[in-house]
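Reading the structure
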Amino acid sequence: MEEKNSRLKRILTLFITFFKIGAFTFGGGYAMIPLIQREVVENKKWITDDDILEVIAIAESTPGPIAINSATFIGYKVAGFWGSFFATLGVVLPSFVIILAISFVLREFQHLKAVKYAFFGIRAGVLALLLKSVWTMYKKCPKKVFAYALLGLAFVSVAVLDLPVLLVIICCAVAGLINSIIVRRRAK
Amino acid sequence: MMQLILNLLSLFATFFKIGLFTFGGGYAMLPLMQEEVLGHGWATEEEIINFIAVSESTPGPFAINMATYIGAETIGNEFGVWGNVLGSFFATLGVVLPSFIIILIVARFYERFKNSKTVQGAMSGLKPAVIGLIAAAVLSVGQTVFFPQGVGLNVFSTLSFYISAALCLIMAVLAFKKVHPIIIICSSAAAGIALGYGLNLPV
């Protein structure tokens, strides 16, 4: 009984903690990591700093948003399946409610001239943000011929040849796999 | 009723696919989402860009925000208030579920997953590919921003084109100086309103 209570309490705390994380980070993903670290490692002491590195490594090599991946993983480590369920629910809920509310507001006001002008300006700003983000990612790209070749191929396949994105993703994963096998063979 | 169920299923399946095949954080989801949403006719490219701004200025992960919004918009336009709620629910569930299931599996076999040469090999191909894909998505965003009526030379005679170009340049400089995205979005909106009314731009 005692143990069941403490598990329930942990699950509830997980939910609240990840709700806070979801409600107070803008941009999601990596912006969440420092907050997760403070709440889960320093305050709650549920996991260690090493675990956080593990979480990032896993979140990066599995599909889906980093925020969801880390909430699910940490929730599971702390309190099993229901831990991961409530941690994930907690991190998603604030966005969900806020965006749902915004969807109503936008529909009411998007026909106003002022709103249209605002979005005209905003679209240019968003393009600037996207350009910066691509540049940052480009600088993190591994400095290898193979990586640059795939980057260029992926770009040309979609931007020029109009190939489906999904096809390009799958082909590049397979190419990476084959390349890594060839590199290993050569090393032997 | 039948139509509503079919629409919700298609929304769920599409966002499940998006969640399953996106690797990496931030805008990694943009290329596939753009293709799918435009392909289904759920939103225009302009609406997607507008919504990137909303998503950046509200808390929460980009992917969840986009899924919730697109879900609300598509079903809500046809089925009203409850359409908004149902649509956003199914789209969000779809985009979250693949991660959730995969992480639950990985968490049990973590040691094997971590040392897996197969995973590492596939990731070595995926990482650079995602950068190329996002660059392609950004190129198409750029086309919509600068050539809203389709690519053509007549755009060079419009005032809107030069304002967009100047705004984008200024904002890019600010972005590289690490000014916060929310400040960039708010000042772009203010500039859009001021110049729009001041020069009486067409909308």
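Residues numbered from 1 in each chain as written. Chains lettered and ligands numbered in written order. Predicted model: local features only at pLDDT ≥ 70, side-chain atom pairs only at ≥ 80, totals over all residues.

**Here's the deal with the overall build of chain A**
The condition that has to hold: Think of it this way: any DSSP run of H or I at least four residues long counts as a helix, any run of E at least two long counts as a strand, and we number them from the N terminus. Only C-alpha atoms enter the radius of gyration; for comparison, a globular chain is expected to reach 2.2 Å times N to the power 0.38, where N is the number of residues. Residues with at least 20 neighbouring C-beta atoms inside 10 Å of their own are called buried, those with 12 or fewer are called exposed, and the rest are partly exposed, where every C-beta is derived from the backbone. A pair of residues counts as a contact when their C-beta atoms, built from backbone coordinates, are within 7 Å of each other.
What chain A contains, in helices and strands, is 7 helices and 1 strand. Written out in order from the N terminus, the α and β elements of chain A read α-β-α-α-α-α-α-α. Relative to the compact-globule value of 16 Å for 188 residues, chain A shows a C-alpha radius of gyration of 21 Å, a clear excess of over 25%. Oriented by its inertia axes, the alpha-carbon framework of chain A measures out at about 65 × 60 × 25 Å. The buried share of chain A, taken over its 188 residues, is 43%. Put simply, 50% of the contacts in chain A that link residues at least 6 apart link residues at least 24 apart.

**Some remarks on the overall build of chain B**
Each helix and strand in chain B was counted, giving 8 helices and 1 strand. Seen through its C-alpha atoms, chain B measures out along the principal axes to roughly 60 × 45 × 30 Å. Classification of the 203 residues of chain B by burial places 51% in the buried group. Here the analysis covers contacts within chain B between residues at least 6 apart in sequence; of these, 60% occur between residues at least 24 apart.

**Structural notes on the interface of chain A and chain B**
Definition in use: Residue classes follow a fixed rule: Ala, Val, Leu, Ile, Met, Phe, Trp, Tyr, Cys and Pro count as nonpolar, while Asp, Glu, Lys and Arg count as charged, and any other residue, Gly among them, counts as polar.
Contacts between chain A and chain B engage 81 residues on the former and 86 residues on the latter. Elements that contribute at least two residues to the side of chain A that touches chain B include exactly α1 (2–24), β1 (26–27), α3 (49–60), α4 (66–109), α5 (113–140), α6 (145–159) and α7 (165–187) of chain A. Partitioning the side of chain A that touches chain B into residue classes produces 55 nonpolar, 21 polar and 5 charged.

**Section: the domain arrangement of chain B**
Residues and elements named next belong to chain B. What counts is decided by this rule: Domain start and stop positions are those given by an automatic or database domain assignment.
Along its sequence, chain B is carved into domain 1 (2–146) and domain 2 (148–203). A straight line from the C-alpha centre of domain 1 to that of domain 2 covers 27 Å. Taken together, the contact between domain 1 and domain 2 spans 8 residues of the former and 10 residues of the latter. Among the secondary structure elements, those contributing two or more residues to the side of domain 1 that touches domain 2 are α3 (45–57) and α6 (117–146). Looking at side-chain class alone, the side of domain 1 that touches domain 2 contains 3 nonpolar, 3 polar and 2 charged residues.

**Examining the environment of B:Cys186**
Structurally, B:Cys186 can be placed in helix α8 (residues 181–198). Overall, the presence of 17 C-beta atoms within 10 Å leaves B:Cys186 in the partly exposed class.

**Focus: the nonpolar core**
Rules: Any nonpolar core is a set of buried residues, restricted to Ala, Val, Leu, Ile, Met, Phe, Trp, Tyr and Cys, that join up through C-beta atoms within 7 Å.
In terms of nonpolar packing, the biggest core is built from 114 residues, with B:Ala129, B:Leu133 and B:Ile134 touching the most fellow members. Sequence-distant contacts of B:Leu133, that is, excluding residues within four places in its chain, are made with A:Ala154, A:Val158, A:Val165, A:Val168 and B:Pro31.

**Concerning α6(A)**
Test applied: Given the number of residues in a helix, its expected span is that number minus one, multiplied by 1.5 Å. Each C-beta atom gives one direction from the helix axis, and the arc is the one those directions make.
Between its first and last C-alpha, α6(A) extends 21 Å over 15 residues, near the 21 Å set by a 1.5 Å rise per residue. Burial in α6(A) covers these residues: A:Leu150, A:Leu151, A:Ala154, A:Phe155, A:Ser157 and A:Val158. Seen along its axis, α6(A) keeps its buried residues to an arc of 165°; they face one direction. On its buried face, α6(A) sits against α7 of chain A together with α2 (30–40) and α6 of chain B.

**Topic: the confidence of the model for chain B**
The criterion, for reference: Every residue gets a pLDDT, meaning the predictor's confidence in that residue, from 0 to 100.
Predicted confidence across chain B gives a mean pLDDT of 88, with 100% of residues reaching 70 or more. If you check the scores for this complex, the pTM reads 0.87 and the ipTM reads 0.87.

**Things to note about the packing of α4(A) against helix α4 (residues 62–108) of chain B**
Stated precisely, the cut-off is as follows: Every axis corresponds to a line fitted to the C-alpha atoms, with the helix fit spanning only the stretch in contact, and the corresponding angles, defined between N-to-C directions, vary from 0 to 180 degrees. In what follows, roughly perpendicular refers to angles from 65 to 115 degrees, roughly parallel to angles under 35, roughly antiparallel to angles over 145, and oblique to any angle outside these ranges. Two helices cross in a left-handed way if the nearer one is turned anticlockwise from the farther one by less than a right angle. They cross in a right-handed way if the turn is clockwise.
Relative to each other, α4(A) and α4(B) sit at 160°, their axes nearing to 10 Å. In terms of axis orientation, α4(A) runs roughly antiparallel to α4(B). Viewed along their axes, α4(A) and α4(B) form a crossing whose handedness is right-handed. Looking at the contact of α4(A) with α4(B) residue by residue, the class counts come to 17 nonpolar, 13 polar and 1 charged.

**Looking at the environment of B:Leu30**
All names here are of chain B. With respect to the helices and strands, Leu 30 occurs in helix α2. What makes Leu 30 buried here is the crowd of 26 C-beta atoms within 10 Å. Between the alpha carbons of Leu 30 and Ile 18 there is a distance of 9.4 Å; along the sequence they are 12 residues apart. Non-local contacts of Leu 30, meaning those with residues more than four positions away in its chain, are made with Ile 134 and Ala 137.

**Looking at unusual backbone geometry**
Residues other than glycine seldom take positive phi values, yet A:Lys45 does so here, at roughly 55°. Relative to the helices and strands, A:Lys45 is located in the loop between α2 (33–43) and α3. Residue classification places A:Lys45 among the exposed residues on the basis of 8 C-beta atoms within 10 Å. The phi angle at B:Lys178 is positive, at roughly 65°, despite the residue not being glycine.

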